[in-house]
Amino acid sequence: MNGWTLAATVGLAGGLGTALWGVTTGPLRRRVVAQNLSSALACPSLLLLSQAYHRPSYVDLGLVLALLGPVGTLVFARLLAEELAEDPPRAWGPTLTVAGLGAAAVIALCVATGPGRAMVKLLVIGALLISGNIIASRALAGGFRGVRGG
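In this text, all values refer to a predicted model and were calculated from it rather than measured experimentally.

Some remarks on the packing of helix 2 (residues 28-53) against helix 3 (residues 57-79)
Okay, so step 1: Where helix 2 meets helix 3, the closest approach of the two axes is 9 Å, and the angle between their N-to-C directions is 180°. The angle between helix 2 and helix 3 places the two elements in the roughly antiparallel class. Packed against helix 2, whose contacting residues are Gln35, Asn36, Ser39, Ala42, Cys43, Leu46, Leu47, Leu49, Ser50 and Tyr53, the element helix 3 presents Tyr58, Val59, Leu61, Gly62, Leu65, Ala66, Gly69, Thr73 and Phe76 at the interface.

Some thoughts on the nonpolar core
Okay, so step 1: Grouped together as the largest cluster of nonpolar side chains are 24 residues, with contacts concentrated most on Leu47, Leu122, Ile125 and Leu140.
Okay, so step 2: Counting residues per element, the ones that place at least two in this core are helix 2, helix 3, helix 5 (92-113) and helix 6 (117-140).
Okay, so step 3: Looking at this core element by element, the count peaks at 9 residues for helix 2.
Okay, so step 4: Not counting residues within four places of it along the chain, the set of residues in contact with Leu47 comprises Val59, Gly62, Val106, Leu109, Leu122 and Ile125.

About the criteria used
- Residues numbered from 1 in each chain as written.
- Predicted model: local features only at pLDDT ≥ 70, side-chain atom pairs only at ≥ 80, totals over all residues.
- Heavy atoms only, no water.
- Axes fitted to C-alpha atoms, helices over the stretch in contact; angles between N-to-C directions.
- Helix = DSSP H or I, 4+ residues; strand = E, 2+ residues; numbered from the N terminus.
- Parallel < 35°, antiparallel > 145°, perpendicular 65-115°, else oblique.
- Contact = heavy atoms within 4.5 Å.
- Core = buried A, V, L, I, M, F, W, Y, C linked by side-chain atoms within 4.5 Å.
- Buried < 20%, exposed > 50% of the residue type's maximum accessible area, 1.4 Å probe, protein only.

So this is what it looks like as C-alpha cells:
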C-alpha cells in the first residue's frame, strides 16, 4: 500500500461512510446533502486510485462523476423543491470541507503528474468538481437570489 492508496482509502471509508449514514437516516434535508457530498468525495478518491494503480481510465471515471454528480443533485433539488422549501438544508461547512479536500487531491495529483495533457485533464476535473458541488449545494439551500424557477 502506498500513500495514494492510503489517501483514497481514508477518503472513501471516512467520507462515504458518513455520507451513507446521512443518506439512510434523518430528515430529507440531510439525505440530499449527503447524496451531494458522496459524489464529491468519490471523485477525488477515484483520481487518487488512478495514481496509485497507474490506471488512467480511473481519471475518466472521475470526470464522468464530476459531471454527473452535481447534475443528479440539481435534479433532486428541482424534484424536491417544495419539501426542501419548508426546511432548507444548510451545509456550507461540509460543502467547503469537501471542496477543499477535492482541491488538495487535484493539486497533489497535478504535482505528481507533471505538465501535459493529463495535468490539464485533472485541472478541468477539479474545476468541475468544486464548482458543481458549490452550485448544487446552493441549489439545495433554496437557489440563488434573483433567480426564479420556471
